[in-house]
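Residue-level listing of the chains:
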Amino acid sequence: MSKSDKLQIWTMVEIHQGKADSVSWELIGAARNAVALGVESGGCGIEYDVTAVVIGEHVQEIAKEAISYGADYVMLVDDANCGTYINEVYQHALFEMMEEHQPDIFLIGATTQGRDLASGMAAQLSAGLTADCTQMVIGPPKEDMPCLLMATRPAFSGNLMATIVCETARPQMATVRPHVFVALERDETRKGKIVEFEVKRPFVNDQVKILAQEFLAQATGGIEFADVIVAGGRGIGGKDGLVLLKELADVMGGKLAVTRACVDANWASHEIQVGLTGKTVNPALYIACGISGAVQHRVGMQNSQKIIAVNQDADAPIFSIADVGIVGNLFEVVPEMIAQVKAMKSGMGAK
Amino acid sequence: MRHFVVAVKQVPDTTNIRIDPETGSLIRKGVPSILNPYDAHAMAVAGAWKQKMDAKITVISMGPASNEASIRECFEMGADRGILISAREFAGADTLATSYVLWEVLKKIHAEEAIDVIFMGKQAIDGDTGQVGPQVGARLGWPTLTFVNEIVSMDDEQGLAVIRRTTEQYRETVEVKMPMLLTCQKEVAAIPYASLPMLMDAMTKEIEVWGFGDPVAFEREKVGLKGSPTKVFRSFTPELKQMGEVLPVEMELAEKVTTAFNKVNLEKLLGVKA
Ligand SMILES: Cc1cc2nc3c(=O)[nH]c(=O)nc-3n(C[C@H](O)[C@H](O)[C@H](O)COP(=O)(O)OP(=O)(O)OC[C@H]3O[C@@H](n4cnc5c(N)ncnc54)[C@H](O)[C@@H]3O)c2cc1C
Ligand SMILES: Nc1ncnc2c1ncn2[C@@H]1O[C@H](COP(=O)(O)O)[C@@H](O)[C@H]1O
């Protein structure tokens, strides 16, 4: 990878159990989209390369996958020391890469692991790091300014949006919220180059030992990490209603959540309560059933990417923040949903 | 004796925040400041372990003089020493500049009285970044674990701790060597009720104030606004989420569900996960 005039955008690939997390490919899509937006708004018609960083053990296939998802280059470290994520070890490899190649921009998923890795790297490189961004444009913020990453993120519990730039420190770093940006379609015919990066200093890790690691199926993790949430409110009428919602959550590979009204009524535990005095969630899809949409509930779920609301009261406030509202009895709507998801899945299996 | 340090931030209570719709700026008036909730739990777990072993707890906080209130709250939970890091130069710090100051302060404390464990919150609710903990950890070169939800054991003799943490994918049990840095979730420990003598003590205990040059010599260009590479270029109130579509009541049930699923692109969503 010759040091050229092209803008060098790097993205991190996050790997679990031998598979790349979907956010990894979203980052490549996000990078390309950010440049396109910059051009659209009259910005610089810059040339650029996207380089995906792959660190792990037995990850050659993932490196190829990165190219089919749109990376021009892959920086690969395939090493027995990197089989599981230990921040020190990964930072060590990344630091050497960054020193040698000095990218302009470095994007990392705003996951637990990504935040940790990005923070450590930013401290070591004295780089500026914007957390959890949901919008990105790469272009000159103002006339006579160079091409910069303009990263926008929610601040103060989503009450305010802030666009952050780093004028001088490099790389310009950002963690990017999962599920917000769209990955490119996978295309095996895409061309790119895989560069095996040789880590020079030896790896050391004698301070952290993972004693046990239980991989959580989507269904057993906490609701704050779920992609799909089916949530019930007082309208579910009791524990039986929850069984119905649980079934919908299960067929979708999602998680069950509730409002405080359900916790107060002892139908469910506080652990799955969403809202001001419960958890804050941002799944790709939130299905609210029998929930009125009180502000204390909304603050915990309004950042979900998509919201479907089911309520028999057409004036329920939940409809004002839903992408789609269904006015109706949840005991009729939810079984129909279950049936359609099942049909959808069996259809997919046949392909 | 073990030495624990808890780093705490005082934050505006974001649940009470209002935005001026005209200017798009925060209305801070009347918004109470509180001890960052995760930091309260970080302090609580340090306090709980102090009861099980011979330990001393030092609390540090960078911010204005009003941060004393949060430090006193930590005294109520068993902190022995409180240090407020406060100077005009520190104002406007982003996470990089904050972690630089905390790092210098921690090195100074460590040189005088070796630190075994640093406890922090998983994130501060005013910025929700969660960056300062791992940044300080990387600067120190100490093992750093984020999102800790249980401290299973601390072996005083060997300086080993066993920690549990949960991420999106894993439930992990990890053994770590002291000195270490942990960022805590709320489950790590419940907030204890303070006893009356502790309350009395907390009210009168002295808080040390460390300024810009004394006792730590900071590099001017690394602190505060000057030392912060990230700049807010512009801020605005988010567009209210587009009022979605409520499907016509007369539409047939099956069609309603199909339409709703199509609108949210469910097939793709489930397909990605398959
Ligand atoms: C300080 C404070 C903190 C709070 N924290 C939280 C919090 O963290 N989380 C939280 O959720 N709440 C919280 N609340 C409570 C909140 O104000 C609401 O009371 C609560 O969210 C209401 O829950 P709900 O929507 O389930 O119940 P309701 O408001 O009673 O709504 C039930 C809805 O179900 C609908 N319904 C009934 N039957 C059916 C049916 N068969 N089919 C379809 N729809 C049906 C009704 O039309 C109604 O809209 C808090 C309150 C306070 C004061
Ligand atoms: N000004 C500060 N003083 C002391 N500790 C802080 C300060 N800012 C952040 N921290 C610590 O770093 C954690 C993460 O903060 P943040 O990265 O801002 O989300 C907090 O929970 C605190 O433990």
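The structure under discussion appears in the preceding block.
Residues numbered from 1 in each chain as written. Chains lettered and ligands numbered in written order. Predicted model: local features only at pLDDT ≥ 70, side-chain atom pairs only at ≥ 80, totals over all residues. Heavy atoms only, no water.

*Asks:* Mind showing me how you'd approach the sheet that holds strand β8 (residues 117–121) of chain B here?
*Replies:* Sheet strands pair by backbone hydrogen bonding; their relative direction is either parallel or antiparallel. Read from one edge to the other, the open sheet built from ten strands follows the order β13(A)-β11(B)-β10(B)-β9(B)-β12(B)-β8(B)-β1(B)-β6(B)-β7(B)-β13(B), with strand pairing classed as mixed. Taken across any chain shown, the strands that pair with only one partner, and hence form the sheet edges, are β13 (208–215) of chain A together with β13 (207–210) of chain B. Going across the sheet, the axis of each strand differs from the next one's by a mean of 30°, ignoring polarity. Examined bridge by bridge, strand β1 (residues 2–7) of chain B and β8(B) share three bridges and lie parallel to one another. Opposite Val6(B), over in β8(B), you have Phe119(B) as the bridge partner. (Pairing = 2+ DSSP bridges. Helix = DSSP H or I, 4+ residues; strand = E, 2+ residues; numbered from the N terminus. Axes fitted to C-alpha atoms, helices over the stretch in contact; angles between N-to-C directions.)

*Asks:* Just to check I follow, could you spell out helix α3 (residues 87–101) of chain A for this structure?
*Replies:* Residues lying three or four places apart along an α-helix face the same way, a consequence of the helix completing one turn every 3.6 residues. Residues and elements named next belong to chain A. A rise of 1.5 Å per residue sets the reference length of α3, with its 15 residues, at 21 Å; its end C-alpha atoms lie 21 Å apart and thus fit the reference within 8%. Counting buried positions along α3 gives twelve out of 15 residues, so the element sits mostly inside the fold. For α3, the full list of buried residues reads Asn87, Val89, Tyr90, Gln91, His92, Ala93, Leu94, Phe95, Glu96, Met97, Met98 and His101. Just downstream of α3 lies Gln102, where phi reads positive at about 45°. (Expected span 1.5 Å × (residues − 1). Buried < 20%, exposed > 50% of the residue type's maximum accessible area, 1.4 Å probe, protein only.)

*Asks:* Honestly, the pattern of salt bridges in this entry has me stumped. Any pointers?
*Replies:* Once the charged atoms of two side chains with opposite charge are near each other, the side chains can pair. Inspection of every chain in the model, using the stated rule, returns 27 salt bridges over all chains. The partner of Arg201(A) in a salt bridge is Glu96(A), with the nearest N and O atoms 3.3 Å apart. Pair noted here: Arg201(A) is in the loop between β12 (193–196) and β13 and Glu96(A) is in helix α3, with a separation of 105 residues, a long-range link. What makes Arg201(A) partly exposed here is its relative accessible area of 45%. In this structure, Asp126(B) engages Lys9(B) in a salt bridge whose closest nitrogen and oxygen atoms are separated by 3.2 Å. (Salt bridge = Lys/Arg side-chain N within 4 Å of Asp/Glu carboxyl O.)

*Asks:* Would you mind showing me how to read helix α3 (residues 95–112) of chain B here?
*Replies:* Residues and elements named next belong to chain B. Taking 1.5 Å as the rise per residue, α3 with 18 residues should run 26 Å; its terminal C-alpha atoms sit 26 Å apart, in good agreement. Judged by how many residues are buried, α3 sits mostly within the fold: 13 of 18 residues are covered. Between a side-chain oxygen at the N-terminus of α3 and the backbone nitrogen of Leu96 the separation is 3.0 Å; the capping residue is Asp94. (Polar contact = N/O pair within 3.5 Å; in protein donor to acceptor, adjacent residues only side chain to side chain.)

*Asks:* Hey, could you run me through the site of ligand 1 in this one?
*Replies:* Residue and element names in this part refer to chain A. Surrounding ligand 1, one finds 25 residues, the nearest of these being Arg234, Thr259, Gln273, Ser292 and Asn311. A distance of 2.9 Å is found between an oxygen atom of ligand 1 and a backbone nitrogen or oxygen belonging to Arg260. The separation between a nitrogen atom of ligand 1 and a polar main-chain atom of Leu330 is 2.9 Å. Here ligand 1, which alone exposes 980 Å², has 75% of that area covered by the protein. Looking at the shell around ligand 1, the elements that each hand over two or more residues are α6 (260–264), α7 (295–298) and α8 (330–350). Tallied by class, the residues present in the shell around ligand 1 amount to seven nonpolar, 15 polar and three charged. (Near = heavy atom within 4 Å. Areas by Shrake-Rupley, 256 points an atom, 1.4 Å probe, with all protein chains shown as cover. Nonpolar A, V, L, I, M, F, W, Y, C, P; charged D, E, K, R; others polar.)

*Asks:* I tried to follow the site of ligand 2 on my own but got confused; where do I start?
*Replies:* Residues and elements named next belong to chain B. The immediate surroundings of ligand 2 are formed by 18 residues, with Ala7, Asp39, Ala124, Gly130 and Gln131 found nearest. Contact distances for ligand 2 include 2.7 Å between an oxygen atom and a backbone N or O atom of Ala124. Here an oxygen atom of ligand 2 and a backbone polar atom of Val132 are 2.9 Å apart. Taken by itself ligand 2 offers 490 Å² of open surface, and the protein chains cover 97% of this.

*Asks:* How do you make sense of the sheet that holds strand β18 (residues 324–327) of chain A when you look at a structure like this?
*Replies:* Strand order in the open sheet formed by six strands is β15(A)-β14(A)-β16(A)-β17(A)-β18(A)-β15(B), and the pairing between neighbours is parallel. The open sheet has two free edges, formed respectively by β15 (255–258) of chain A together with β15 (245–246) of chain B, since each of these has just one partner strand. Summarising the sheet, strand β14 (residues 228–232) of chain A and β15(A) pair through four bridges and their orientation is parallel. For Gly232(A), the partnering residue across the bridge sits in β15(A) and is Val258(A). Packing of helix α5 (residues 239–251) of chain A onto the sheet brings it into contact with β14, β15 and β16 (285–289) of chain A, and relative to β15(A) it is tilted by some 140°. Packed on one face of the sheet, helix α6 (residues 253–263) of chain B meets β17 (306–311) and β18 of chain A together with β15 of chain B and runs near 165° to β18(A). (Contact = heavy atoms within 4.5 Å.)

*Asks:* Just to check I follow, could you spell out the packing of α3(B) against helix α4 (residues 132–140) of chain B for this structure?
*Replies:* Describing two packed helices takes the angle between their axes plus the distance from one axis to the other. Residue and element names in this part refer to chain B. At their nearest, the axes of α3 and α4 sit 9 Å apart, and the two run at 50° to each other. In terms of their interaxial angle, α3 and α4 are classed as oblique. Judged by the sense of rotation from one axis to the other, the crossing of α3 with α4 is right-handed. Across the interface between the two elements, Thr95, Leu96, Thr98, Ser99, Tyr100, Leu102, Trp103, Leu106 and Lys107 from α3 touch Val132, Gln135, Val136, Arg139 and Leu140 from α4. (Parallel < 35°, antiparallel > 145°, perpendicular 65-115°, else oblique. Left-handed = near helix turned anticlockwise from the far one by under 90°.)

*Asks:* Please explain the packing of helix α2 (residues 68–76) of chain B against helix α5 (residues 196–204) of chain B as it appears in this structure.
*Replies:* Residue and element names in this part refer to chain B. Viewed as axis vectors pointing N to C, α2 and α5 meet at an angle of 150°, and their least axial separation amounts to 8 Å. One element, α2, and the other, α5, form an angle in the roughly antiparallel class. The handedness of the crossing between α2 and α5 comes out as right-handed. For the pair formed by α2 and α5, the contact residues are Arg72, Phe75 and Glu76 on the first element and Met198, Leu199, Ala202, Met203 and Thr204 on the second. Classifying every residue of the contact of α2 with α5 gives five nonpolar, one polar and two charged.

By themselves these figures say nothing about function.
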